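Descriptive structure summary
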Amino acid sequence: MCAVTFTTWGGTFTATPARRAAPRDEAELSALVARAAAEGLRVRAVGAGHSFTDAAVTDGLLLGLDHLSGVESVERTPDGALVTVGAGTRLHELNALLRERGLAMRNLGDIDRQSVAGAISTGTHGTGARLGGLATQVRGVRVVVGDGTVRAVSDADAPGSPERELFEVARLGLGSVGILSAVTLDVVPAYLLRSTERVRPWSEVVDGVDALFDGHHRMDAYWFPGTDRMLTWTHDVVDHAGTAAYEASRRGVGGALRRAGHAARSLLDEEVLANGALGAIMQVAAAAPRTVPRLNALSAAVLGDRTHVAPSDRVMVTRRRVRFVEMEYALPRAELAGVLTELSGWLAASGELVPFPVEVRCTAPDDVWLSTARGRASAYVAVHQYHRMPYRRYFDAAEKIFVAAGGRPHWGKLHTRTAADLAEHYPLDDVARVRSVVDPGGVFRNAYVDRVLGTA
Ligand SMILES: Cc1cc2nc3c(=O)[nH]c(=O)nc-3n(C[C@H](O)[C@H](O)[C@H](O)COP(=O)(O)OP(=O)(O)OC[C@H]3O[C@@H](n4cnc5c(N)ncnc54)[C@H](O)[C@@H]3O)c2cc1C
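To start, this report covers the structure provided alongside it. (Residues numbered from 1 in each chain as written. Predicted model: local features only at pLDDT ≥ 70, side-chain atom pairs only at ≥ 80, totals over all residues. Heavy atoms only, no water.)

Here we come to the overall build of the protein. Helices and strands together make up the secondary structure of the protein, namely 17 helices and 19 strands. Against the globule reference of 23 Å for 456 residues, the protein gives a C-alpha radius of gyration of 22 Å, in line with a compact fold. The dimensions of the protein, computed from C-alpha atoms along their principal axes, are 60 × 55 × 40 Å. Every one of the 456 residues in the protein was classed for burial, and the buried ones make up 58%. For the protein, restricting intrachain contacts to residue pairs at least 6 apart in sequence, the fraction spanning at least 24 positions comes to 74%. Surface summary for the protein: the accessible area is close to 17,400 Å², and the carbon and sulfur share equals 52%. One finds the centroid of the 51 positive side-chain charges in the protein at a distance of 5 Å from the centroid of its 52 negative side-chain charges. (Helix = DSSP H or I, 4+ residues; strand = E, 2+ residues; numbered from the N terminus. Rg over C-alpha atoms; globule rule 2.2 N^0.38 Å. Buried < 20%, exposed > 50% of the residue type's maximum accessible area, 1.4 Å probe, protein only. Contact = heavy atoms within 4.5 Å. Areas by Shrake-Rupley, 256 points an atom, 1.4 Å probe, with all protein chains shown as cover. Lys, Arg positive; Asp, Glu negative; His and termini not counted. Charge placed at Lys NZ, Arg CZ, Asp CG, Glu CD.)

It is worth spelling out the packing of aromatic side chains at this point. Under the definition given, this model contains 11 aromatic pairs. With a centroid separation of 5.1 Å and an interplanar angle of 45 degrees, the aromatic rings of Trp411 and Tyr426 are classed as tilted. Separated by 15 residues along the polypeptide, Trp411 in the loop between strand S19 (408-409) and helix H15 (419-422) and Tyr426 in the loop between H15 and helix H16 (428-438) bring together distant segments of the chain. Per residue, the accessibility class of Trp411 equals that of Tyr426, and both read buried. A network of ring pairs unites the aromatic residues Trp9, Phe52, Phe324 and Phe356 as a single cluster. (Phe/Tyr/Trp six-rings, centres within 6.5 Å; stacked < 30°, edge-to-face > 60°.)

Neither face of strand S5 (residues 61-64) is left uncovered, since the one carrying Leu61 and Leu63 and the one carrying Leu62 and Gly64 both have all their residues buried. Sheet topology places strand S3 (residues 19-21) next to S5; three bridges connect them, and they run parallel. Within the sheet, the bridge partner assigned to Ala21 lies in S5 and is Leu63. In the sheet, strand S4 (residues 43-46) pairs with S5 via four bridges, with the strands oriented parallel. Across the sheet, Ala45 pairs through a bridge with Leu63, a residue of S5. (Pairing = 2+ DSSP bridges.)

With that out of the way, let us pick up helix H4 (residues 162-171). Within H4, eight of the 10 residues are buried, which leaves it mostly tucked inside the rest of the structure. Of all the residues in H4, the buried ones are Arg164, Glu165, Leu166, Phe167, Glu168, Val169, Ala170 and Arg171. For H4, the secondary structure elements touched by its buried residues are helix H3 (116-121), strand S9 (138-144), strand S10 (150-154), strand S11 (179-189) and H16.

What follows concerns the nonpolar core. Core analysis: the largest hydrophobic core is formed by 71 residues, its most contacted members being Val43, Leu63, Leu185, Trp411 and Leu453. If one sorts the elements of this core by residue count, S11 sits on top with six residues. Contact partners of Trp411, with chain neighbours within four places excluded, come to Thr53, Thr122, Leu172, Leu174, Leu370, Thr372, Leu422, Tyr426, Tyr448, Val452 and Leu453. Core analysis: the second largest hydrophobic core is formed by 47 residues, Phe52, Val209, Leu336 and Val383 among them. (Core = buried A, V, L, I, M, F, W, Y, C linked by side-chain atoms within 4.5 Å.)

Okay, the side chain of Ser195 next. By the secondary structure assignment, Ser195 is in strand S12 (residues 192-201). Look at Ser195 and you get buried, because its relative accessible area is 1%. Side chain to side chain, Ser195 and Trp233 meet in a polar contact 3.0 Å long. Ignoring any residue separated from it by four or fewer positions in sequence, one finds Ser195 in contact with Trp233, Thr234, His235, Arg306, Thr307, His308 and Val315. (Polar contact = N/O pair within 3.5 Å; in protein donor to acceptor, adjacent residues only side chain to side chain.)

What follows is the structure, given as structure tokens:
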């Protein structure tokens with residue numbers, strides 16, 4: 001154990017916990033929580049530290065669950081499998097472990113560096129009108145609650161029962177009801193995706209966004225502010241015949257399935273979002289902000305039409321090496337076009353210089369208590385800024401537009417909402433009731449949980 005400063009990936013928050021620990025197994029995790037509770041020390045877990053909010057920050061005991069990693073069990077089902085993994089498993093490790101077993105996640109976000117527990121706890125999502133966020137793929141969890149006992153709860157527990165309610169907050173609840181030690185995921189047989197990148201006029205995307213969302217398995221759109229073009233990135237599941245043809249072609253070039261990862265990197269990923277070119281562009285932008293409009297035109301100009309096929313996880317996931325800060329809101333889908341138009345209007349009128357793209361995604365409605373897509377088909381708009389450039393004026397303006405449209409902030413990305421603001425969107429009284437039962441001493445509280453869920 002040692003007291004070491006912790007800083008989030010985006011550099012947004014730094015904390016110095018009183019202690020850090022990395023339990024070797026669930027029994028040690030349980031003992032650590034019980035001891036901290038007895039000492040009156042607060043406890044948080046940190047995954048990959050990829051939240052932009054202070055969700056994982058504590059001045060008490062900070063737990064890293066990297067040792068609670070890997071596959072515990074695989075139960076085959078007619079549709080795929082229920083796979084139980086250690087809560088600290090990183091998504092890239094999970095994807096590799098699933099691939100070895102002929103399985104895959106139904107949906108993923110943009111990157112795979114997060115831990116399973118961290119990703120589900122903040123409502124991490126990908127895109128797809130018929131696909132839910134990662135927490136919708138969780139069937140059960142084991143969670144160490146406030147007195148150090150381990151509780152196994154799942155969606156098989158009776159609706160309305162204390163177990164089922166604990167499951168609801170444990171699978172997406174910012175670690176407010178305890179530390180997850182294991183997560184059971186509902187996964188599907190491995191599949192291929194065809195990725196098509198297309199540059200389209202801005203208005204074609206904004207006016208036709210419903211058709212784009214509904215017409216594809218997944219759809220992402222990127223817009224460099226100030227330009228009148230958008231890159232759409234559509235993913236469609238490859239059918240049996242296409243899969244056979246793909247495999248034959250890969251065998252034909254020497255078992256190059258192994259090289260699919262490289263082939264899958266999209267042009268957007270390779271040339272714009274991840275590589276050194278973007279890093280260089282950002283440095284110029286930070287040093288000489290007036291060059292941003294020309295830089296955005298340049299970034300948009302390297303985008304072009306492209307199609308490729310690869311295993312699903314390699315198509316969905318990209319690399320993000322250039323640091324940024326981000327705010328993202330979930331909106332009722334019908335609000336999307338109006339919000340993008342307003343945002344574009346504000347950017348033009350304010351002259352704000354933003355060299356990072358705005359990202360647009362969607363998910364299906366779900367019934368997870370604290371999900372940003374709870375009860376409504378959702379569109380997501382994310383605004384980014386290079387981490388060395390000012391972002392507050394831009395994010396404040398964007399947030400005003402998002403909130404006016406009924407938006408719900410991503411729990412892991414920057415926002416200013418409080419429990420009082422969020423009560424209209426979520427059953428916060430039910431969440432408070434569950435927290436008070438399993439954590440009466442408030443062991444799992446921190447400033448962020450207090451702000452967004454209340455001080456139950
Ligand atoms: C480059 C980048 C790309 C991103 N892309 C996406 C995206 O495509 N889609 C999206 O929705 N989000 C995205 N995010 C946000 C990110 O997925 C979430 O913030 C996620 O929570 C990060 O996971 P983590 O493992 O780093 O968790 P952390 O940030 O370390 O922790 C998040 C929360 O989970 C809690 N927690 C961690 N482990 C446990 C545990 N074992 N038990 C209980 N609670 C625990 C923490 O206490 C904290 O409250 C991105 C972030 C970055 C930096």
